[in-house]
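Structure assessment
Residues per chain are reported as follows:
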There are 4 protein chains.
Amino acid sequence: MTTDAEVPELDALYREFAQQGLVPLWTEIGDLMPHQPASPAVPHLWRWSSILPMAEQAGRLVPMGRGGERRALALANPGLGGRPFATPTLWAAIQYLNPAENAPVHRHTQNAFRFIVEGEGVWTVVNGDPVAMRRGDFLPQAGWNWHGHHNASDRPMAWIDGLDIPFQHYAGSTFFEFGPDDVGTRESPSRSRSERLWGHPGLRPVTQVTPSPATPLLAYRWEHTDRALRDQLALESEGAAGTVEPGHAAVRYTNPTTGGDVMPTIRTEFHRLAPDTTTRPVRETGSSVYQVFEGTGEVSVGTHTWTVTRGDLFVVPSWQALSLSTDRGLDLFRFGDAPIFERLGQHRVEHLEDH
Amino acid sequence: MTTDAEVPELDALYREFAQQGLVPLWTEIGDLMPHQPASPAVPHLWRWSSILPMAEQAGRLVPMGRGGERRALALANPGLGGRPFATPTLWAAIQYLNPAENAPVHRHTQNAFRFIVEGEGVWTVVNGDPVAMRRGDFLPQAGWNWHGHHNASDRPMAWIDGLDIPFQHYAGSTFFEFGPDDVGTRESPSRSRSERLWGHPGLRPVTQVTPSPATPLLAYRWEHTDRALRDQLALESEGAAGTVEPGHAAVRYTNPTTGGDVMPTIRTEFHRLAPDTTTRPVRETGSSVYQVFEGTGEVSVGTHTWTVTRGDLFVVPSWQALSLSTDRGLDLFRFGDAPIFERLGQHRVEHLEDH
Amino acid sequence: MTTDAEVPELDALYREFAQQGLVPLWTEIGDLMPHQPASPAVPHLWRWSSILPMAEQAGRLVPMGRGGERRALALANPGLGGRPFATPTLWAAIQYLNPAENAPVHRHTQNAFRFIVEGEGVWTVVNGDPVAMRRGDFLPQAGWNWHGHHNASDRPMAWIDGLDIPFQHYAGSTFFEFGPDDVGTRESPSRSRSERLWGHPGLRPVTQVTPSPATPLLAYRWEHTDRALRDQLALESEGAAGTVEPGHAAVRYTNPTTGGDVMPTIRTEFHRLAPDTTTRPVRETGSSVYQVFEGTGEVSVGTHTWTVTRGDLFVVPSWQALSLSTDRGLDLFRFGDAPIFERLGQHRVEHLEDH
Amino acid sequence: MTTDAEVPELDALYREFAQQGLVPLWTEIGDLMPHQPASPAVPHLWRWSSILPMAEQAGRLVPMGRGGERRALALANPGLGGRPFATPTLWAAIQYLNPAENAPVHRHTQNAFRFIVEGEGVWTVVNGDPVAMRRGDFLPQAGWNWHGHHNASDRPMAWIDGLDIPFQHYAGSTFFEFGPDDVGTRESPSRSRSERLWGHPGLRPVTQVTPSPATPLLAYRWEHTDRALRDQLALESEGAAGTVEPGHAAVRYTNPTTGGDVMPTIRTEFHRLAPDTTTRPVRETGSSVYQVFEGTGEVSVGTHTWTVTRGDLFVVPSWQALSLSTDRGLDLFRFGDAPIFERLGQHRVEHLEDH
């Protein structure tokens, strides 16, 4: 124990620490090394009915073009100091493109994707390959590929962008380059070239037989996702294995060259709860963002509970327990940072007792 | 140099070697360590029009059941001493099942598959999951899974089995167990449970997210294979990448949990030549068996050349050059042992000049 | 372009964004997505001659024990807001243990190591295995292993701790548990059990033949590091390959079960510059901390230049160019976060022209 | 069942099969698909006291040079038809080099190694790097590296070569090239360049940080092997883990770039039994060759039992149980083909009850 006589000396020592650019562990350890994860991010819900009008207003008032690059509104987690970070690692934004508008071409090291909860008419052009965007589709956009968008329809379109911007900002690994101001094509094919090469179950082109770090398949269509989920629930009803837990079907989007996650830092999944289903609470290291695709239900994250409906977005911070419940059925898109934790040996999952 | 005086002594030494169980390298090196691969297997062709009647006759005369297990006729490469080996590593056989017949359940460490060049009506039941067999389908059957077949139709059916029997026989790694005499189900669903879980492009069930050594997908349907090949040729005609070489489309069947080959020892592919296509000669270490699925063409393997048509099977031994040519189009199923060579660091491929 | 008339409406929209927890990309993109990495961390130097006396004073004034756990002073990068973070991902601290003192047992998910620039007499006890600490030794301490220390000598000892505390704090992946207050042994063997099992070049015990995520070897002794570096420089002088560049020898500490980095998040290396050597400037994504082990030299990081000597520590932030120069020879220990970047596909290295 | 009336028809059918190059499965299945591995190779012992004099005689009578390449006498397993195959996959030979003799340079795809049970004085020169050969040393020689030998001493030297010649001969993957007739150097350094780069425990040169398919370390010295084994037995005597079973120490030679086997097809280990030790019987798929390095003991392989002493070589075929026993201690070098079986998913090990 420090004696009274030592107090002045100790005070001086602490001042000296600060001057020398030193910080003692013993005063910081509780914050730095908690007994379990204590993320500053908080559980939070954004209503689609609130954010979509904001995007529409921005569509009228804010021009689109070089420099600003995208008309995107990012979810800012209230625990993260006003930064446009849904979680410490993840960016989630609503993006909006007016009829005939064009989002200029660029590329960046950030991994990205789009998920479409409603609407259609925009094509994202990736390395020259135009990829249609329609309700229920998931479009991965791995780092360092050239991409822009064009709206080929006479209606505006809004969708969700997910990226690892906060993580790469934190890590200091971001590179960014401008491409042409115009996407250079107004083609609007129903299937992209990538789907024609890679969209056949269990088959790969013999021209590309080595693993690639991110998926070469640029669109995962709703018809396949929906069918896979229906198949799981049907298998369950026949007494066969397939669902995660009773009434809970789920698929993970994968890189067909490895069977692993679509991108090195981002995991994406689609979950379907049959009517009258409640999931067992689970918590894991790492954070996720969910968007309700269809249906309604109750969501419980840590000590928060919300009733959610189509388009609503919510955040599950690290080590906060999540449970979902629905009377009439609930479809959810999910993305998270689990690959970071798995690849670095920091992934833990705990299934809790029912509450 | 050995002197005349030494000859008797040398003769005695060689006799002593034999007695002691020793063999000198210097007399064997030419055979053992040739300057390039010199397989005893020879290029060879089996006509479907010849082997199918044999199978039909066996169908009338040879009963099916426990002990014999399968009514299968194996291709015996003329260079391999009358053994039922298509190549040193690969077994290829025509199997035949009469109406209402049942092939008893067993399992073995050998990796296997079925490919169907014509007919339908048989279900192979893998660990209780009935899998339909129809023209153009590829059905992998990885080692150590219980399986039997039943013919649910009123017509006999013949198909091709491929296995790594010769390799495992050579290596001394074979285990085999009998299961029930009857497959235990006469269900005949259009889609197997495995397809309902795994047959969705780029999606995997969240219940099974770790790699498995062999594919969990038990049927690769013709409609997908055909569409993938048509897509590749269409992309080529649009000026986009996709085909192996002009007019030559090809897909590899893959394990969706890894993106790699369907089984640890066997690679399977489907090749399509557009009309008026000739492929560039290529040779590689390891051997392959091809079956013509549709069309006609000229096949050149080493110094052999054949005109081939539907159902014909031919063998490409290690390091023999293969070239294919067709006027009106040619569809080919291929299986080979390339995974053995790749996993052991012995795979070489050489593209030769056009002949 | 926004018209004057629209300005009030736009202002209202921005206020509404803030209320709804939204942030526009177009005002943030310059900071969030810079054209190349722009880490808030700055190049910085801590003098051993300044920090060692601080540690000694703490040794007199600050008790050691449960709760505070360790008498450690962390380097606080001036760009990181006073937090005890050497870089965004890395913790570097000087730890100090008085004669006969004991640092209590705990375990945590953070990966750690110790490097000893001078002194000896302390044993770190890892899962019951006492590991001697001596000048030049590197002692990895992978996450979730029980460990404590005891000073078996009659002199205090100081050394450097490196951990991924900032990264795991950021990611929200930290778990921490207390063990016994006392390390439970005062054994002081010259070689640990881990070294007796794993410290033989190219050999592993047949009892442990599967890869482990972190190295099972708990001490990398100076005699081996020094000899490896002398060998590289001798090979260079004989005209053989071995050094990174002329006069620049370097070894990486590896996990003998994989050949990869010792821990999932931390890379460690030792670099030796022969007299009259200047290294070519290089920059890479990710950050490093260096400690001078012996010799003197000039260090240039970005626009900073320092003359360094034994014990001095400096930081190289992401994408800042580093060059080293010495007249009389320079030995440097280095640790960094490169495995994070490599495993997540974000690693880039650029060799610059000589300045 | 076949009726009497059908017998002639069936006979005709079998003749037709043979003509058409077909073999029925049902007559062959017992041999081809046994219920457990049934290797044609048999357990066998070669006495060093018998084969060394043969090699010495060959040293007097058989010249060394281009074409014959090596004065090597291969062990021919009595079950393998007089071929120079110790097992279906492995070549084991005694090689002999007279004073001042030179074995010409060549390279081949076969993986090889040398193990030295007695003597010294020869250097094997691998890609220009002269590697000393001394009692107890293990020298891997991965495929497709140039190599020759020279005897720098005034005494002949004999040693053991192991290769995967039978496997590559079977697989048809052999390539072979002549290099210069003379090794081109008579240097005789105590340590090779490869050891100076790679022979430091847990350290790798920063110049070579990617995995290589085979070990870059060209000599594993007896002093390290011996020390590792002594350490394991000492740990056991202290009550710590380390030995395979009581009194049985064992190390595996590994590739420091991966932690895995030294070569893609060959596993090598060194086993030491303390006095009064009997090992528990074990059988596994794949085959091994053992050479007694020191001591005496009883060896039981399947139904064979031999008393063995220094230099004796014996073979363990696939799935034959092995047990070792010694009164005064026994040191054994072992090599086998386990990597083939592991990489192809065919490895099984079974520990049997004590006999």
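Residues numbered from 1 in each chain as written. Chains lettered and ligands numbered in written order. Predicted model: local features only at pLDDT ≥ 70, side-chain atom pairs only at ≥ 80, totals over all residues. Heavy atoms only, no water.

Superposing chain B onto chain D requires a rotation of 180° together with a translation of 0.0 Å along the rotation axis, leaving an RMSD of 0.0 Å. With respect to symmetry, the two chain copies, as superposed, fit the operation of a two-fold axis. Ranked by how close their C-alpha atoms come to the rotation axis, the residues of chain B are headed by B:R343, at 3.2 Å. A share of 100% of interface residues in chain B that are also interface residues in chain D marks the association as one of identical surfaces. (Least-squares fit on C-alpha atoms with pLDDT ≥ 70 in both. Contact = heavy atoms within 4.5 Å.)

All names here are of chain D. The strand order across the open sheet formed by 5 strands is β8-β7-β10-β5-β12, and the pairing between neighbours is antiparallel. Since the sheet does not close on itself, it has two edges, and those belong to β8 (129-134) and β12 (176-178), each with one partner. Across the sheet, the mean angle from the axis of one strand to that of its neighbour is 25°, orientation sign disregarded. As defined by bridge partners, strand β5 (residues 102-108) adjoins β12 across 3 bridges and the pair is classed as antiparallel. The partner of R107 across the bridge, within β12, is E177. (Pairing = 2+ DSSP bridges. Helix = DSSP H or I, 4+ residues; strand = E, 2+ residues; numbered from the N terminus. Axes fitted to C-alpha atoms, helices over the stretch in contact; angles between N-to-C directions.)

With that settled, the discussion passes to the pattern of salt bridges. All names here are of chain A. Per the counting criterion, the structure on display carries 108 salt bridges over all chains. Of the charged contacts, one joins E353 and R280 as a salt bridge, the two residues approaching to 3.9 Å between their closest N and O atoms. In this pair, E353 sits in the segment after β24 (349-351) while R280 sits in the loop between β16 (277-278) and β17 (282-284), placing the two residues 73 residues apart along the sequence. Taking relative accessible area as the criterion, E353 reaches 63% and is therefore assigned exposed. (Salt bridge = Lys/Arg side-chain N within 4 Å of Asp/Glu carboxyl O. Buried < 20%, exposed > 50% of the residue type's maximum accessible area, 1.4 Å probe, protein only.)

Now for the interface of chain B and chain D. In many reports, interface size means the accessible area that the parts give up when they come together. Residue-level contacts link 81 residues of chain B with 81 residues of chain D. Here chain B meets chain D over a buried area of about 7,200 Å², counting both sides, of which 66% is carbon and sulfur. At the junction of chain B with chain D, the criterion picks out 4 salt bridges. D:R60 is paired through a salt bridge with B:E9; the nearest N and O atoms lie 3.2 Å apart. Taken together, the links from chain B to chain D amount to 25 residue pairs in polar contact (both at pLDDT 80 or more). Taken together, the elements giving at least two residues each to the side of chain B that touches chain D come down to α1 (7-20), β1 (22-24), α2 (29-32), α3 (48-61), β3 (72-75), α4 (165-171), β12 (176-178) and α7 (338-343) of chain B. Considered class by class, the residues forming the side of chain B that touches chain D number 45 nonpolar, 23 polar and 13 charged. In terms of strand pairing, β3(B) meets strand β1 (residues 22-24) of chain D through 3 bridges, oriented antiparallel. Looking across to β1(D), one finds that B:A74 is bridged to D:V23. (Buried area = accessible area lost by both parts, 1.4 Å probe. Polar contact = N/O pair within 3.5 Å; in protein donor to acceptor, adjacent residues only side chain to side chain. Nonpolar A, V, L, I, M, F, W, Y, C, P; charged D, E, K, R; others polar.)

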